[in-house]
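So you can see what is in the structure, the chains are spelled out below.
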Amino acid sequence: MHLTEAEWLAGIQFLTATGEITDDKRQEFVLLSDTLGLSMLVIAQNNRKPPGATEATVFGPYRVANPPECESGADIANGAVGQPCYVAVQIRGLRGEPVPHAAVEIWQADADGLYDVQYAGNTDMRARATMRADAQGRVAFKTVLPEAYPIPADGPVGRMLAASGRDVWRPAHIHFMIDAPGYEPLVTHLFRHTDQYLETDVVFGVRSSLVTQWHRHEPGATPDGRASAIPFYTLDHVFVLNDAPA
Ligand code: BEZ
Ligand code: FE
């Protein structure tokens, strides 16, 4: 068995097309790495964590620098569409200690599976924020329930996925980037446990430890001491940071 000349040419044409569609907004080579599982392999090899530490996963293309700085407890939706969702997280270290004043950055898609940057003409930052944990390492925010979304599939990566019979979906998630002195920075997601794409995530980013219970509530009292006239969701989670390398 060897590569035929036609196969060689198809490979060259694929890589050429990948380069041609790449610009300052779209990085098709990174998407190719993500969808081949290479990004997740590199993350796993460079983020070996001791038992109990929260696992890292892919960064993705939708983080925006300098998101709004919000107080803990804030509503970060800022016009993003979706059912209300109240998230409360705590940051701890490997010995169970709270990590005080950790910097926590959050970004996510909305009910339509779209990030703010995917809406043509929109310049508002929606469903993204940076927050500071309190002295006990706690951060809470109100947002909208994220939904699953397809990755950009109108280019060579989409053709590769179609040719190999793979789907193009990522299961619903919220991105977190957490940083605190003395600890290893963590880039990860929390996934919704009911999502239909957990087993087939197109970028291989799911870790079972990151699949979390999101509880649906009937209208009534909400965790921020108010009330919701419509059903809402809650998510509570403890992140465990690894120690910074000595
Ligand atoms: C994301 O989760 O935002 C993402 C990750 C990899 C490829 C596309 C999207
Ligand atoms: Fe994402």
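So, a few notes on the structure that sits alongside this text. Quick caveat: nothing in here was measured; it's all calculated off a predicted structure.

### Thoughts on the coordination of the iron ion (ligand 2)
Turning to step 1, where the next piece is worked out: Taken together, the protein ligands of the iron ion (ligand 2) are Tyr115 (OH), Tyr149 (OH), His173 (NE2) and His175 (NE2), with distances of 1.9 to 2.1 Å.
Turning to step 2, where the next piece is worked out: Each of the six donor atoms bound to the iron ion (ligand 2) contributes to angles spanning 54 to 165°, and the resulting shape is irregular.
Turning to step 3, where the next piece is worked out: Judged by relative accessible area, His175 falls into the buried class, the value being 3%.

### Comments concerning the environment of Ala44
Turning to step 1, where the next piece is worked out: Among the structural elements, Ala44 can be located in helix H3 (residues 38-46).
Turning to step 2, where the next piece is worked out: When its relative accessible area of 38% is taken as the criterion, Ala44 is described as partly exposed.
Turning to step 3, where the next piece is worked out: For the pair Ala44 and Glu55, spaced 11 residues apart in sequence, the C-alpha separation works out to 8.5 Å.

### What about the site of ligand 1?
Turning to step 1, where the next piece is worked out: Near ligand 1, the surroundings consist of 14 residues, among which Pro61, Tyr149, Arg170, His173 and His175 are the closest.
Turning to step 2, where the next piece is worked out: Within the side chain of Arg170, an N or O atom sits 2.5 Å from an oxygen atom of ligand 1.
Turning to step 3, where the next piece is worked out: Taking His175, its side chain carries an N or O atom lying 3.1 Å from an oxygen atom of ligand 1.
Turning to step 4, where the next piece is worked out: Out of a free accessible area of 270 Å², ligand 1 has 100% covered by protein chains.
Turning to step 5, where the next piece is worked out: Only helix H2 (28-36) and strand E7 (173-179) provide two or more residues apiece to the shell around ligand 1.
Turning to step 6, where the next piece is worked out: The class makeup of the residues in the shell around ligand 1 is eight nonpolar, four polar and two charged.

Reading the values: rules and limits
- Residues numbered from 1 in each chain as written.
- Chains lettered and ligands numbered in written order.
- Predicted model: local features only at pLDDT ≥ 70, side-chain atom pairs only at ≥ 80, totals over all residues.
- Heavy atoms only, no water.
- Donors = N, O, S within 2.8 Å, 3.2 Å for Na, K, Ca; no water.
- Tetrahedral: all angles 85-135°; square planar, octahedral: opposite > 155°, others 65-115°.
- Buried < 20%, exposed > 50% of the residue type's maximum accessible area, 1.4 Å probe, protein only.
- Helix = DSSP H or I, 4+ residues; strand = E, 2+ residues; numbered from the N terminus.
- Near = heavy atom within 4 Å.
- Polar contact = N/O pair within 3.5 Å; in protein donor to acceptor, adjacent residues only side chain to side chain.
- Areas by Shrake-Rupley, 256 points an atom, 1.4 Å probe, with all protein chains shown as cover.
- Nonpolar A, V, L, I, M, F, W, Y, C, P; charged D, E, K, R; others polar.

Purely spatial values, then, with no claim about function.
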